[in-house]
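Examination of the molecular architecture
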Amino acid sequence: LPGALTLEDDFGKMQLVDESNIIDWFNGKDSIPKIVFISACYSESVAKAFLSSGIKHLVAVSKDNAVVDAEAVKFMSHFYDMILVGDSVKQAFDKSKQALGLEPGSHKEASKFRLLPKNNSHNERLFWGATKGALIDVSRQPHPNSMFTPTSFFISREVEVQAIVQA
């Protein structure tokens, strides 16, 4: 949806987050992140809300495009690697687009990412040459899908519908 992000909560339920929600997230905070990476489809449509909240560097997907999840993960991985070894935000962004663009079938996906605001040089280095090492992912594992496992209180057709959805 233009001007909003569709997110999923811990229970797989859709949450619509519009520009006013985003502004409220940051309103009154003592500390604002310098960079935000939104790998959601059409996320450029909410860029103004993030930027007006004080975010200096925003990576988003073009407001006119969906993005393939696997390609977004590849782009993000390249981007964060470059940030951590001391590249500027702009250098990391350019190298990530180039790396993704070199992969077969990924050129179109690389062109969908935007570095905002456009009037910023993005020459800031967020880390100064962190050493390379093993990446330890402490993220919670995502739900395999947004459907709950049927419980004993499902009756009649609900059990069959649940089985069809999971298939």
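Before any of the text, the structure's been laid out above.
On a predicted model such as this, the values are computed, not experimentally measured, just so you know. (Residues numbered from 1 in each chain as written. Predicted model: local features only at pLDDT ≥ 70, side-chain atom pairs only at ≥ 80, totals over all residues. Heavy atoms only, no water.)

Soluble globular proteins: nonpolar side chains tend toward being buried together. Counting 15 residues, the largest nonpolar core has Phe37, Val59, Phe75, Phe79, Phe93 and Phe113 as its most contacted members. Listed by contribution, the elements that provide at least two residues to this core are strand S4 (57-61), helix H3 (69-84), helix H4 (89-102) and strand S5 (113-116). Beyond its immediate sequence surroundings of up to four residues, Phe79 is in contact with Ile35, Phe37, Val59, Val89, Ala92, Phe93 and Ser96. In this structure, Leu5, Ile22, Ile38 and Ala47 belong to the second largest nonpolar core, which totals 13 residues. (Core = buried A, V, L, I, M, F, W, Y, C linked by side-chain atoms within 4.5 Å. Buried < 20%, exposed > 50% of the residue type's maximum accessible area, 1.4 Å probe, protein only. Helix = DSSP H or I, 4+ residues; strand = E, 2+ residues; numbered from the N terminus. Contact = heavy atoms within 4.5 Å.)

End to end, H4 covers 20 Å across 14 residues, agreeing with the expected 20 Å (1.5 Å per residue, within 8%). What H4 keeps buried is the set Val89, Ala92, Phe93, Ser96 and Leu100. End-on view of H4: buried residues confined to an arc of 100°, all on one side of the axis. Pointing more than 90 degrees away from the buried face of H4 are the exposed residues Gln98 and Leu102. The inward-facing, buried residues of H4 abut strand S3 (35-37), S4, H3, helix H5 (107-110) and S5. (Expected span 1.5 Å × (residues − 1). Arc of directions from axis to C-beta.)

What follows concerns the sheet that holds S5. If you trace the 3 strands from one edge of the open sheet to the other, you get S3-S4-S5, paired in mixed fashion. The strands lining the two open edges of the sheet, one partner per strand, are S3 and S5. Pairwise comparison of adjacent strand axes, ignoring direction, gives a mean angle of 15° for this sheet. One ladder, built from 3 bridges, connects S3 with S4; its direction is parallel. The partner of Phe37 across the bridge, within S4, is Val59. (Pairing = 2+ DSSP bridges. Axes fitted to C-alpha atoms, helices over the stretch in contact; angles between N-to-C directions.)

Take it as geometry only, folks, not as evidence of what the structure does.
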